[in-house]
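Structure assessment
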Protein chains: 2
Amino acid sequence: MQLNKKVKVEQGAEQKIIAAARRIFQRKGMAGARMEEIAAEAGINKALLHYYFRSKEKLFQVIMMEAKGQMLGRLHPILGSDAPLFEKIELFVESYISFVTENPFLPGFILHEINRHPEKLVNEISSGAKRPNLSKFFQQVETEIKKKNIIAIQPEQLFMNMLSMCVFPFVGRPMLQTVLNVTDKKFNQLLADRKKEIPVFIINSIKR
Amino acid sequence: MQLNKKVKVEQGAEQKIIAAARRIFQRKGMAGARMEEIAAEAGINKALLHYYFRSKEKLFQVIMMEAKGQMLGRLHPILGSDAPLFEKIELFVESYISFVTENPFLPGFILHEINRHPEKLVNEISSGAKRPNLSKFFQQVETEIKKKNIIAIQPEQLFMNMLSMCVFPFVGRPMLQTVLNVTDKKFNQLLADRKKEIPVFIINSIKR
DNA sequence: GTCTATAATGAGATAGAC
DNA sequence: GTCTATCTCATTATAGAC
């Protein structure tokens, strides 16, 4: 009895569609993506898209839900952990940059789509992923300030700085690379270096 | 002889169109924008758009060129000036945040559109604005490192950190505001505070 | 210059054969 | 399940009156 014979290497049509839709939607957004293009990318026919996912909107929802879950799902496990503050910062930066390196279009995609629909609040966060909770991290920051281990800083500002430095270089890559006038290779190296550089930069800034 | 009688308050159709196109394109992107919508926003007729600008593509080019010029044009005058490094950082952050506060959708717009067209290199930078030149700034950083006034840091990393912290909170506002769970008012306050907070954060980090 | 009406095209969705 | 052919509608673009 050999079940799932072709599941591994040669994925089913549904999975091929999702993979293709992910690539196209993330690069071009809902409005810019074409069902035709997604079908081609998946190596199948346009009609088949509608067979598996009734409409473009439905297919988009699948991709968007997955995306939000990935972006926000990483926050809580790390920031809510019991690791000491400096270690936590290192873990967070390392983890987030690794993730975005694998999914460079994901942040820009989410942000663009949210801007397009100011009405739909972001609150339906992946309608399943637990709402990110930063309170643990914030408390930790406050505690370290009281203990005079770090300088006074609003935890919100610290978090913004951290996330900004991790994510923006990916979202803004084309602009940055042009302005810095560096090759792909060199830019990739800069990005990789940031896993170590950002924690140092942050900790230098806040420690007493 | 009163020339330009109505130029001030009541702008001509062409200017009304550009202003409307700016708002719509920046929020929804090329693919998401509708000529109908731009016409309505400008308080005129759809056909008139085509009278002034032959096509949607042409109108888009106008807006995009302006946008790139604004984003990149601010770099050189500040970073290329003769101000001392720390002062320059303060000036840059102050100026860039002020500008993005006035044009919150501009960075996301440019970044999204560049992603949609990986083919067209960004090199045609506003086809008129002088190519941003960071060499002065970079030299200054190197000098201060040699003089042991600041710690060793790659100038590129410093610049990325600076720009990231200034721009990302605007691009990622919806996400950040959800995660931080704060009101519009509070978030605006955080953004305003950053004009002072970021320079302190950066200088704390790099100064010896 | 500005409008209304309409043509032309692009793209999502469905029908029906295999 | 998968395809080809087709329908339908939204949207860009033009024609032509005023």
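Quick notes on the rules
Residues numbered from 1 in each chain as written. Chains lettered and ligands numbered in written order. Predicted model: local features only at pLDDT ≥ 70, side-chain atom pairs only at ≥ 80, totals over all residues. Heavy atoms only, no water. Helix = DSSP H or I, 4+ residues; strand = E, 2+ residues; numbered from the N terminus. Contact = heavy atoms within 4.5 Å. Buried area = accessible area lost by both parts, 1.4 Å probe. Salt bridge = Lys/Arg side-chain N within 4 Å of Asp/Glu carboxyl O. Nonpolar A, V, L, I, M, F, W, Y, C, P; charged D, E, K, R; others polar. Near = heavy atom within 4 Å. Polar contact = N/O pair within 3.5 Å; in protein donor to acceptor, adjacent residues only side chain to side chain.

1. Some details on the environment of Val100(B)
Residue and element names in this part refer to chain B. Looking at the element boundaries, Val-100 is found in helix 6 (residues 85-102). When the C-alpha atoms of Val-100 and Phe-138 are compared, they prove to be 24 Å apart, with 38 residues separating the residues in sequence. If sequence neighbours within four positions are ignored, Val-100 has contacts with Pro-107 and Phe-170.

2. Quick word on the interface of chain B and chain A
Taken residue by residue, the interface counts 56 residues in chain B and 56 residues in chain A. Summed over both partners, the interface of chain B with chain A comes to about 5200 Å²; 69% of that surface belongs to carbon and sulfur atoms. Among the residues of chain B in contact with chain A, Met160(B), Met175(B) and Phe201(B) are the three that bury the most area, contributing 14% of the side total. Linking chain B with chain A are 0 salt bridges. Mapped onto the side of chain B that touches chain A, the elements with two or more residues apiece are helix 1 (13-32), helix 4 (56-73), helix 7 (106-116), helix 9 (155-171), helix 10 (173-180) and helix 11 (184-206) of chain B. Here the side of chain B that touches chain A takes 13 residues from helix 9 of chain B, the largest share from any one element. Residue classes in the side of chain B that touches chain A are distributed as 33 nonpolar, 14 polar and 9 charged.

3. Here's the deal with the protein's contact with DNA strand D
Taken together, 16 residues sit near DNA strand D, with Asn45(A), Tyr52(A), Arg34(B), Lys46(B) and Lys56(B) positioned nearest. Looking at DNA strand D alone, sugar and phosphate atoms form 61% of those within 4 Å of the protein. A distance of 2.9 Å separates a phosphate oxygen of DNA strand D from a polar atom in the side chain of Asn45(A). Between DNA strand D and Lys46(B), the relevant distance is 3.4 Å, taken from a base nitrogen to a side-chain nitrogen or oxygen of the residue.

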